[in-house]
Structure formats: C-alpha cells, structure tokens
Amino acid sequence: MNYFLYYILLGVWCLFSLLPLRIHYIISDFLFWLLYKVIGYRRRVVWKNLSASFPEKSEAELKEIERGFYHFLCDYFVETVKMMTISKKEIKRRIVYKGIKDLDEVIESGQSIALYLGHYCNWEWVTSMPLWVTPKVQCGQIYHPLENKYFDKLLLRSRERLSSLCISMQDTLREVVRYKREGQPIMIGYISDQAPNWVNIHHWVDFLNQDTPVFTGTERIVKKMNHAVFYVDMRRIKRGYYEAEFKLMTRAPKELEDFKLTDMYFDMLEKSIRRAPEFWLWSHNRWKRTRKEFNERFEVIDGKVIAKGHTD
C-alpha cells in the first residue's frame, strides 16, 4: 500500500509542481488563511518563541512578525513543492549566490568545505549549489531521515534532483571520511539550529535572548577533517527571490578553541534573524530543554552526558 501511495503522491506532487509559481503563491495565500486564521498551527509555540526572543518589541510589532512568518512558511511549502520540477535556468534566476569565487578557490587548493546554515529563508533551494560551483566538488547536505521510508524517498528525489546529495545524520562522519580517502573534495551543508537531544548537549549559548543548548557535532567533524568553514547568509529579496552570501569563518578550524566555531555560527545566525525575523522557523519548539532541567537529570563524565543514577 505504501509503495502505491508513494507513486500516487509523486504524480500529484509533480503535477502540482508544474504549475507556475504565481499560481503557487495564490495557493500559499489560501494556506496562510487556513493555517493562521482557522487552524492556528503552532501559534502558541510561535508566540512564546517570539515573545522571549524580542522582549523589547511591542505586541503590535510581534504580531507583525508573526503574520509575516506564517505568510513566509506557506510560501516555503509551495516553493519546496516547486523544487520537484523547476528548471535549472529558473532556479538560478530565483536564488543568486555571492562569494562563489571564494568557494572555488578553496576547492582548487584541495581543501573541502563545510557550510553552516539555519532554517532561515528557503534552505531547500540551497540544494541548487551544484549549478554554481566548480564541477570538481561534490555538494551535499546533512538531513534527518523520515520514519516513513516512502515519504523519505519522495523528499530525497526532490532534494537530490540538482545533483546535491543527501547524507543521513548517522552516516555523516563515515561519508565525509570516505570522500577524503577517495580524494574527492566535498562541500557539505549543515543545518545546526535545532534543539539537540539531552545526551547530545555539550554546550550552551546566549541565542536570541535565551540560554540555548546547541549541536556541536558539526564543529567536531569540521575540526577532525580540517574543512574550511563558511556561513551562508541568506536574504529574501522579494517573494520567490533569494540571495545567499558565503562568509568565510575560518580555513583553519583546528586552531580555534573548543566551541568557538559554534559560538560564531549562532552569533552570525542571530544577526541574520534580527535583520528580518519573519524568515526563521519560529514554529519549532527550540527552547523546550533548559539548563536547570539538564543539571537536575544529567551529568557530564569524560565528555559524555550520563543520566544521574545510571549504572552500567
């Protein structure tokens, strides 16, 4: 049944994707009314996150950001659907990259690249990177596989159709090491702004006015492999058009003290968000884990997070 459902959904997705984007945006406007006005999709989470992140803003200002976020979220949905059939020429017109020359120079030198991204603007469209950079590099992105393998296959088909490979989180280090052994330079995107599980919390940062547990696995991989590191600073120019600028963070990650790269990333991401906050994923329950609860339930022994009272 799931097998047939996959092909039914694939057909519907492709047919819907073939519609012009102006039609998609009409549908997006309807989705906004449905999600925001009727269903109220995660409005409590969104309001809690906005209120805590911007205590200096008035209720009217927060409401404006909230409405802007839901408008953008619906645009993100339809733009992601469009990815299934959008032409190379069209996607290159709608998302433009700055700093490609810097990336190519790093690749030509023989060094691979790690890209730090956030759930900001349309991160799905960054899978168009292979259309811009030197063909010598293999582009890819780290992703979390869906439990339903058929839905997962559907998303992978869309994300990989422009030659940017998806690498599951659990296979990240293995795949990165394999490419190095094969002498293949890579450029991998890491979206690192989600909430880590308790056992993966090793560092906290002051992010958007809140004490925030963060992923540090990207930093460990980058240091181990000595990859050059860039931050992808995205902007929405207008509806359906984006610009992404690659900002060099370091070419010598091993020389930085522990967690410095992570701190730099969250500082740069916060600047992007404060510039235009409606384009970040506010519906994610980002601050569901607190340092107080962590300290009550866990302890760190030899760099490992262990539940208190746990015995082998």
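Predicted model only: the values in this text are computed from it and were never measured.

What to know about the overall build of the chain
A tally of regular secondary structure across the chain gives eleven helices and eleven strands. A compact globule built from 312 residues would reach a C-alpha radius of gyration of about 20 Å, and the chain, at 20 Å, matches this within 12%. In the chain, which comprises 312 residues, the proportion classed as buried is 48%. Residue pairs at least 24 apart in sequence account for 76% of intrachain contacts in the chain once pairs closer than 6 positions are excluded. For the chain, the computed accessible surface area is about 16000 Å², with 54% contributed by carbon and sulfur atoms.

Focus on the packing of helix α2 (residues 21-39) against helix α4 (residues 59-82)
Between α2 and α4, the least distance of the axes is 8 Å, while the angle of their chain directions is 135 degrees. In terms of axis orientation, α2 runs oblique to α4. The interaxial crossing formed by α2 with α4 has right-handed handedness. Along the contact surface, α2 presents Leu21, His24, Tyr25, Ser28, Asp29, Leu31, Phe32, Leu35, Tyr36 and Lys37, while α4 presents Glu66, Arg67, Tyr70, His71, Cys74, Asp75, Phe77, Val78, Glu79, Val81 and Lys82. Grouping the constituent residues of the contact of α2 with α4 by class yields eleven nonpolar, three polar and seven charged.

Some details on the sheet that holds strand β8 (residues 228-238)
Within the open sheet, the seven strands sit side by side as β1-β9-β8-β2-β5-β3-β4. Their pairing is mixed. The open sheet has two edge strands with one neighbour each: β1 (95-98) and β4 (165-168). Pairwise comparison of adjacent strand axes, ignoring direction, gives a mean angle of 30 degrees for this sheet. Bridge count for strand β3 (residues 138-143) against strand β5 (residues 186-191) is four bridges, and the pairing is parallel. Looking at the pairing, Cys139 lines up with Met187 of β5. Across the face of the sheet, helix α7 (residues 149-159) comes into contact with β3 and β4 while running at roughly 150 degrees to β3. Strands β2 (113-117), β8 and β9 (241-250) of the sheet are contacted by helix α10 (residues 260-275), whose axis makes an angle of about 5 degrees with β8.

Side note on the side chain of Lys82
Here Lys82 lies in helix α4. Buried charge Lys82 goes without a salt bridge, the closest partner of opposite sign being Glu90 at 7.1 Å. What Lys82 contacts, discounting residues up to four positions off in sequence, is Ser17, Leu18, Leu19, Pro20, Leu21 and His24.

Here we look at the layout of surface pockets
In this structure, the second largest pocket occupies an estimated 160 Å³ of space. Along the wall of the second largest pocket there are 13 residues; nearest its centre are Gly110, Ser112, Lys180, Met225 and His227. A breakdown of the residues in the lining of the second largest pocket according to their chemical character gives five nonpolar, seven polar and one charged.

Examining the side chain of Gln141
In this structure, Gln141 sits in strand β3. For Gln141, the side chain forms a polar contact with the side chain of Ser164, separated by 2.5 Å. With residues near it in sequence (within four places) discarded, Gln141 still touches Thr127, Arg159, Ser164, Leu165, Cys166, Ile167, Ile188 and Gly189.

Here's the deal with the pattern of salt bridges
Two side chains bearing opposite charge may form a pair once their charged atoms approach each other closely. Taken as a whole and judged by the stated rule, the model has 22 salt bridges. The shortest N-O distance in the salt bridge between Arg159 and Glu124 comes to 2.9 Å. Of this pair, Arg159 sits in helix α7 while Glu124 is found in the loop between β2 and β3, placing the two residues 35 residues apart along the sequence. Each member of the pair Arg159 and Glu124 is classed as buried. In this structure, Glu182 and Arg178 form a salt bridge, with 3.0 Å as the shortest nitrogen-oxygen distance. Taken together, the shared-partner salt bridges in this structure form one network comprising Asp29, Asp75, Glu79, Arg236 and Arg239.

Things to note about the state of the cysteines
By definition, a disulfide links the sulfur atoms of two cysteines through a covalent bond. One pass over the structure, following the stated rule, counts zero disulfides. With no disulfide of its own, Cys14 lies 16 Å from the sulfur of Cys166, the closest cysteine sulfur. Overall, the relative accessible area of 23% leaves Cys14 in the partly exposed class.

A look at the pairing of β9
Where β1 meets β9, four bridges bridge the pair, whose relative direction is parallel. Note on β9: the bridge partner recorded for Val96 is Glu243. In this structure, β8 lies alongside β9, joined through nine bridges in antiparallel fashion. Note that in β9 the partner of Phe230 across the bridge is Leu248. From the end of β8 to the start of β9, which pair antiparallel, there are two residues, and Gly240 there has a positive phi angle of about 85 degrees.

Conventions adopted
- Residues numbered from 1 in each chain as written.
- Predicted model: local features only at pLDDT ≥ 70, side-chain atom pairs only at ≥ 80, totals over all residues.
- Heavy atoms only, no water.
- Helix = DSSP H or I, 4+ residues; strand = E, 2+ residues; numbered from the N terminus.
- Rg over C-alpha atoms; globule rule 2.2 N^0.38 Å.
- Buried < 20%, exposed > 50% of the residue type's maximum accessible area, 1.4 Å probe, protein only.
- Contact = heavy atoms within 4.5 Å.
- Areas by Shrake-Rupley, 256 points an atom, 1.4 Å probe, with all protein chains shown as cover.
- Axes fitted to C-alpha atoms, helices over the stretch in contact; angles between N-to-C directions.
- Parallel < 35°, antiparallel > 145°, perpendicular 65-115°, else oblique.
- Left-handed = near helix turned anticlockwise from the far one by under 90°.
- Nonpolar A, V, L, I, M, F, W, Y, C, P; charged D, E, K, R; others polar.
- Pairing = 2+ DSSP bridges.
- Lys, Arg positive; Asp, Glu negative; His and termini not counted.
- Salt bridge = Lys/Arg side-chain N within 4 Å of Asp/Glu carboxyl O.
- 1 Å grid on protein atoms, 1.4 Å probe; cavity = no way out; pocket = protein on both sides within 12 Å on 5 of 7 lines; lining within 4 Å.
- Points joined across faces, edges and corners; volume = space filled by probe spheres on them.
- Polar contact = N/O pair within 3.5 Å; in protein donor to acceptor, adjacent residues only side chain to side chain.
- Disulfide = S-S within 2.5 Å.

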